[in-house]
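# Coordinate inspection notes
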Amino acid sequence: MELRSVAVLGGGPGGLYFARLMKLRRPECAVTLYEQSPPSATFGFGVGLATATQRRLAEADPASLREVVARAWSHEMSMSVDDVTVALPADDLIAIGRAELLEVLRAQAIAAGVDIRYGGRVAVDDLDADVVVAADGVNSATRERFATEFGARVEQHDGLYLWCGTDFALPRAVFRAETGEHGTFVAHAYPYRRDRSTFLVETDPETWRRAGFDATTAATPPERSDDASLGYLSTLFADTLRGSGLVGNRTRWLRFRTVTCARWHHGTTVLLGDAASTAHYSIGSGTKLAMESGIALVEALDTGTDVESALAAFESARRPAVEHLQDIARRSMLWWDDFPRRLDMPVEQLLIAYMTRAGKVSLGQFARQAPAVVAAGLGQYAGAPVERVPEDAVSWVLDRPLTTAGRSWPTRVVPRGELVGSDRVAVLDAGRTRQTALAAFDAGERLRRTGRSVGVRVPRGLRDLAADALAGGRVDLVEWV
Ligand SMILES: Cc1cc2nc3c(=O)[nH]c(=O)nc-3n(C[C@H](O)[C@H](O)[C@H](O)COP(=O)(O)OP(=O)(O)OC[C@H]3O[C@@H](n4cnc5c(N)ncnc54)[C@H](O)[C@@H]3O)c2cc1C
């Protein structure tokens, strides 16, 4: 198909990366990108790019990835609860400041021949091009303009988060919970520059109100940071911060919004990145989603026979991966919402629960990555020390005995028909699929907190998933169906 002009609305990572790849693939096509903010103004701190993402970006455009990696900072991960910190090896996990990432992508787009126009909001109706790519972010006015046509849905969640930073590099990524007089705050923090770390804090609405942050949020103008909250959190997280204060950049408490669209394109306009779909920040994937969608869109436009069928092909190629990630992100969000209630769990077992929380990483995979952590966590699960991870960890987990609700079970797998509900044991049905089973384990974990033991009827084919849920303290017993 002949493409004479492509207009891109939005100069975030999705828009810039798409624009560069499009121009590289079709040098004869005029690619114009419109961004409302000047290059120097950007929100946020560092964003993480996992190994698999780097691989995909390297395949699509090795030159820009090289520049990104050169400006990024690599780190390991750890989790801290009370005085215990457990480090996790993580190969090639990097983070880069949002400002640096945009700088690299901007320079690369210009080098490829993209015409970038800064200043002033542009509306989709003002643009005249063969294809209009709306990469205008989570607040996309394009999505709002054609909300019915796109079948757009925006769900705002209750929990609150605040994206700020530190003026030094933490030694590694850290998850840390601190409970003060108003409740629990959880930090996800990671270094992204020699002198900077992202420090993201989340809490529940009750704690937020008790601490008076509803009032400080209302009193903070959009161009300022909520200094009262930053001061409070700097004191609460003083140990992690080594006495240094938190820094803001138009930092305020926000509620995460999950965006989904039944259709990503309407006529010759297509949504890209956060405008089309968001994934909760706890899986650190929004930038990756936007950039990987850019790769797929270029491929579809380059090989399509007409715009309409190319956009349809883009959507059907990309939607399964995006929806899969959104599903993982939703589970991860629920897990973090409940995090303060898990703080009585030993930290290694908590790490097993964390890594297997969304069904993306199995116990076996995690054991290969961090055998010492998993051995310690399995010991906590079984109530007796474990020297090394058993060769067949899944069978080992299923075979552990348990005494609960006034009864002793020789293994965690209950003989068929013996799992009977009572006021001390709740019984749930896992359904037939991984998705329904994960939802049942989520429900089981919540029920366990009411003091009941939880048994779940699970298809035998999902025994790996059942072992993850048992070892992560989400359920007590399973019965094969
Ligand atoms: C707290 C937090 C932590 C995060 N951490 C990570 C992480 O670790 N890893 C990760 O991959 N992602 C992370 N993300 C997500 C990531 O920031 C976004 O998903 C990503 O920026 C989406 O890219 P985008 O190009 O779709 O949109 P955006 O980056 O939002 O860019 C949209 C651009 O469009 C411009 N624009 C909007 N409307 C107009 C208009 N009418 N005219 C002209 N310009 C316009 C905006 O100014 C903006 O520059 C995080 C997000 C949050 C909130």
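Computed from a predicted model, the values in this text were never measured in an experiment.

## Focus on the site of the ligand
Surveying the vicinity of the ligand reveals 31 residues, the closest of which are Gly14, Glu35, Arg98, Asp274 and Thr287. In the model, an oxygen atom of the ligand is placed 2.9 Å from a nitrogen or oxygen of the Gly14 main chain. Residue assignment for the shell around the ligand shows that the elements contributing at least two residues are helix H1 (13–25), strand S2 (30–35), strand S3 (46–49), strand S10 (152–166) and helix H11 (286–303). Looking at which element gives the most residues to the shell around the ligand, the answer is H11, with 4 residues. Taken together, the residues that form the shell around the ligand break down as 12 nonpolar, 13 polar and 6 charged. Structurally, the shell around the ligand is a two-domain feature, drawing no fewer than three residues from each of domain 1 (5–41 + 54–71 + 94–151 + 257–334) and domain 2 (156–255).

## A few points about the domain arrangement of the protein
Here the protein is partitioned into domain 1 (5–41 + 54–71 + 94–151 + 257–334), domain 2 (156–255) and domain 3 (345–480). Placing the centre of domain 1 and that of domain 2 at their C-alpha centroids yields a distance of 29 Å. Opposite the 12 residues of domain 1 that make contact, domain 2 presents 12 residues. Between domain 1 and domain 2, a total of about 940 Å² is buried, with carbon and sulfur atoms accounting for 61% of that surface.

## Regarding the packing of aromatic side chains
Using the criterion set out here, one finds 17 aromatic pairs in the structure. Each ring, one from Phe213 and one from Tyr232, has its centre 5.0 Å from the other, and the planes form 85 degrees; the classification is edge-to-face. With a gap of 19 residues between them, Phe213 in helix H8 (residues 213–219) and Tyr232 in helix H9 (residues 227–236) connect regions that are remote in the sequence. Seen in terms of ring centroids, Trp335 and Tyr354 are 5.6 Å apart; in terms of plane orientation they differ by 55 degrees. Their pairing is tilted. Of the two residues, Trp335 sits in helix H12 (residues 307–337) while Tyr354 sits in helix H13 (residues 347–355), which places them 19 residues apart along the sequence. The exposure classification of Trp335 matches that of Tyr354, with both residues buried. Members of the aromatic cluster, connected to one another through ring pairs, are Phe175, Trp335, Trp336, Phe339 and Tyr354. Residue placement shows Arg255 over the ring face of Trp208; its charged tip is 5.4 Å from the ring centre. Stacked on the ring of Trp409, the Lys or Arg Arg407 has its end atom at 4.0 Å from the ring centre.

## Quick word on the nonpolar core
In this structure, Phe185, Leu233 and Leu378 are the most contacted members of the largest nonpolar core, which totals 85 residues. Here the element with the most residues in this core is H13; it accounts for 7 residues. Both domain 2 (156–255) and domain 3 (345–480) contribute no fewer than three residues apiece to this core.

## Quick word on the sheet that holds S3
Pairing between the strands of a sheet is mediated by backbone hydrogen bonds and can be parallel or antiparallel. Taken together, 3 strands build an open sheet; the order of strands is S3-S7-S4 and the sheet is antiparallel. The outermost strands of the open sheet, each flanked by one partner alone, are S3 and strand S4 (73–74). Note that S4 and strand S7 (residues 94–97) share 2 bridges and pair antiparallel. Bridging from a neighbouring strand, Ser74 pairs with Ile94 of S7. The strands that helix H4 (residues 98–112) touches are S3 and S7; relative to S7, the one it contacts most, it runs at about 80 degrees.

## Overview of the sheet that holds strand S21 (residues 453–458)
Ordered by their spatial adjacency, 3 strands build an open sheet running S20-S21-S22, and the pairing between neighbours is parallel. Edge positions in the sheet fall to strand S20 (425–429) and strand S22 (477–480), since each of these pairs with one other strand and no more. Across the sheet, the mean angle from the axis of one strand to that of its neighbour is 25 degrees, orientation sign disregarded. One ladder, built from 5 bridges, connects S20 with S21; its direction is parallel. Counterpart to Ala426 in the pairing with S21 is Val454.

## Overview of unusual backbone geometry
For Arg242, which is not glycine, the phi torsion reads 50 degrees and is therefore positive. As for its placement among the helices and strands, Arg242 is situated in the loop between helix H10 (238–241) and strand S14 (246–247). Residues other than glycine seldom take positive phi values, yet Arg250 does so here, at roughly 50 degrees. One can find Arg250 in the loop between S14 and strand S15 (254–261).

## Describing the packing of H12 against helix H17 (residues 434–448)
Between H12 and H17, the shortest axis-to-axis distance is 12 Å and the interhelical angle comes to 5 degrees. One element, H12, and the other, H17, form an angle in the roughly parallel class. Contacts between H12 and H17 pair Asp327, Arg331 and Leu334 from the former with Gln435, Leu438, Ala439, Asp442 and Arg446 from the latter. Considering only residue class, the contact of H12 with H17 consists of 3 nonpolar, 1 polar and 4 charged.

## Some remarks on the side chain of Arg20
Relative to the helices and strands, Arg20 resides in helix H1. Under the relative-accessibility criterion, Arg20 is labelled buried at 8%. Within the structure, Arg20 has its side chain in polar contact with the side chain of Asp61 (distance 2.6 Å).

Conventions and cut-offs
- Residues numbered from 1 in each chain as written.
- Predicted model: local features only at pLDDT ≥ 70, side-chain atom pairs only at ≥ 80, totals over all residues.
- Heavy atoms only, no water.
- Near = heavy atom within 4 Å.
- Polar contact = N/O pair within 3.5 Å; in protein donor to acceptor, adjacent residues only side chain to side chain.
- Helix = DSSP H or I, 4+ residues; strand = E, 2+ residues; numbered from the N terminus.
- Nonpolar A, V, L, I, M, F, W, Y, C, P; charged D, E, K, R; others polar.
- Domains from an automatic or database assignment.
- Contact = heavy atoms within 4.5 Å.
- Buried area = accessible area lost by both parts, 1.4 Å probe.
- Phe/Tyr/Trp six-rings, centres within 6.5 Å; stacked < 30°, edge-to-face > 60°.
- Buried < 20%, exposed > 50% of the residue type's maximum accessible area, 1.4 Å probe, protein only.
- Lys NZ or Arg CZ within 6 Å of the ring centre and 35° of its normal.
- Core = buried A, V, L, I, M, F, W, Y, C linked by side-chain atoms within 4.5 Å.
- Pairing = 2+ DSSP bridges.
- Axes fitted to C-alpha atoms, helices over the stretch in contact; angles between N-to-C directions.
- Parallel < 35°, antiparallel > 145°, perpendicular 65-115°, else oblique.

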